[in-house]
Amino acid sequence: MINVKKLGESLGAEIGGLDLSQPIPPDVFARIRAAWLEHLVLRFRGQRLTDPQVLAFSRNFGELDPPGPNPLVRPFLADHPEMNVISNIHDKGVPIGGLGDGEAICHADMTYVELPPMAAILYAIEIPPAGGDTYWANMSAAYESLPAALSKRIEGREAVHDATYNSAGVMRKGYNDVTDPRAAPGARHPLARTHPETGRRSLFLGRRRNSYVVGLELDESEALLDELWAHATQPRFTWHQQWRVGDVIVWDNRCTLHRRDAFDPRARRLLHRTQIRASA
């Protein structure tokens, strides 16, 4: 038997009574997926998993999507190239993972590509004694509470999702600094989308830096995006995760934003990450 405990008013639930190192029967996973679609972010505590077990659990949600590029321009885990590593740890001066120890700005994952991943899974292996907390925001709730005039202004509008920088503000290899968002490289996505499984409408903002609303003057685009971001990141739409070793978090990348607090660079933080390919 599994139990589902709501964690936040807007999103987030904890699933208890499940050992993710074991195969999950289809009827049990159907309950997990239903809870995920309802709460958008799921937490499983007290797990002890090998990398193959993390991969096996992840595949319940769909086909694995390879990680985005990292500063080493090679997989962090040679034995599991489909897995990413989030860490500030260095081995002989070489980082074993990405995103370091600074703040990771509010974003959805890899929206600079035409088909961003639909979901992501993080497994906590080492956690600092303080800091490094993660916050998720519900973009369906944000859209549904938009003032009518603002909702009308964004209908049918697309924005460019810049590919130049990652969520830690580091420029990706092969890109140049962007001084005009209208020239930013990256995919175009609607500002509001319909969830393919739930049918709910949601904002789809990606990240703020170098975003641009197609067809507007730059100052109009900046003002509109500032208004949308101020609305979407209100505390009433968010849930706050304080990590423990053994936590597994699964989130819906199609209708959430997330960010991470900075933490002491002398502390160690290590999480292994997978992501699930979207079908549309």
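Keep in mind the model is a prediction, meaning the values are calculated, not measured.

(A) Broad picture of the overall build of the protein. The helix and strand tally for the protein stands at five helices and 19 strands. Computed over its C-alpha atoms, the radius of gyration of the protein comes to 18 Å, within 12% of the 19 Å expected for a compact globule of 280 residues. By its C-alpha atoms, the protein is 55 × 45 × 35 Å across when sized along the principal axes. Buried residues in the protein amount to 54% of all 280 residues. Counting contacts in the protein only where the partners sit at least 6 residues apart, residues at least 24 apart contribute 78% of the total. In the structure as shown, the protein presents an accessible area of about 12800 Å², 52% of it carried by carbon and sulfur atoms.

(B) Broad picture of empty space enclosed by the protein. Under the defined criterion, the tally for this structure stands at three cavities of 30 Å³ or more. Quantified by volume, the largest cavity comes out at close to 60 Å³. Every residue lining the largest cavity is listed: L115, P116, P117, R193, F204, N253, R254, A278 and A280. Size it by volume and the second largest cavity reaches roughly 40 Å³. Looking at the lining of the second largest cavity residue by residue, the class counts come to three nonpolar, three polar and one charged.

(C) Structural context of the layout of surface pockets. Taken as a whole, the largest pocket encloses approximately 760 Å³ of empty space. Only β4 (84–87), β7 (98–99), β8 (104–107), β10 (134–138), β18 (256–260) and β19 (270–276) provide two or more residues apiece to the lining of the largest pocket. Each residue belonging to the lining of the largest pocket can be placed in one class, and the counts come to 18 nonpolar, 12 polar and eight charged.

(D) Representation of the pattern of salt bridges. Considering all chains together, one arrives at 18 salt bridges under this definition. Taking the shortest distance from any N to any O, the salt bridge between R45 and D247 comes out at 2.8 Å. Here R45 is found in the loop between β3 (41–44) and α2 (51–58), whereas its partner D247 is found in the loop between β16 (238–241) and β17 (248–252), with 202 residues between them in sequence. Taking the shortest distance from any N to any O, the salt bridge between E155 and R201 comes out at 2.7 Å. Taken together, the residues E155 in the loop between α4 (148–154) and β11 (158–160) and R201 in strand β14 (residues 201–203) connect sequence positions 46 residues apart.

(E) Local environment of α2. All of the buried residues in α2 are D51, V54, L55, F57 and S58. Buried residues of α2, seen end-on, are gathered within an arc of 165 degrees and therefore sit on one face of the element.

(F) Expanded view of the sheet that holds strand β15 (residues 212–213). Ordered by their spatial adjacency, three strands build an open sheet running β12-β11-β15, and the pairing between neighbours is antiparallel. For this open sheet the edge positions go to β12 (188–190) and β15, each flanked by a neighbour on one side alone.

(G) Just the nonpolar core, in detail. Counting residues in hydrophobic clusters, the biggest one holds 34 residues, and the most contacted among them are I32, F44, F57 and V248. Going through the elements one at a time, β2 (13–16), α1 (26–39), β3, α2, β9 (119–126), β17 and β19 are the ones with two or more residues in this core. With six residues, α1 is the single largest residue contributor to this core. Residue contacts for F57: discarding those within four places in its chain leaves L20, I24, F44, I121, V248 and V250.

(H) Spotlight on the pairing of β9. With six of its eight residues buried, β9 lies for the most part within the structure. Summarising the sheet, β9 and β17 pair through five bridges and their orientation is antiparallel. Directly across from L122, in β17, lies its bridge partner I249. Here seven bridges tie β9 to β19, and the two strands are oriented antiparallel to one another. The partner of A119 across the bridge, within β19, is I276.

Conventions adopted
Residues numbered from 1 in each chain as written. Predicted model: local features only at pLDDT ≥ 70, side-chain atom pairs only at ≥ 80, totals over all residues. Heavy atoms only, no water. Helix = DSSP H or I, 4+ residues; strand = E, 2+ residues; numbered from the N terminus. Rg over C-alpha atoms; globule rule 2.2 N^0.38 Å. Buried < 20%, exposed > 50% of the residue type's maximum accessible area, 1.4 Å probe, protein only. Contact = heavy atoms within 4.5 Å. Areas by Shrake-Rupley, 256 points an atom, 1.4 Å probe, with all protein chains shown as cover. 1 Å grid on protein atoms, 1.4 Å probe; cavity = no way out; pocket = protein on both sides within 12 Å on 5 of 7 lines; lining within 4 Å. Points joined across faces, edges and corners; volume = space filled by probe spheres on them. Nonpolar A, V, L, I, M, F, W, Y, C, P; charged D, E, K, R; others polar. Salt bridge = Lys/Arg side-chain N within 4 Å of Asp/Glu carboxyl O. Arc of directions from axis to C-beta. Pairing = 2+ DSSP bridges. Core = buried A, V, L, I, M, F, W, Y, C linked by side-chain atoms within 4.5 Å.

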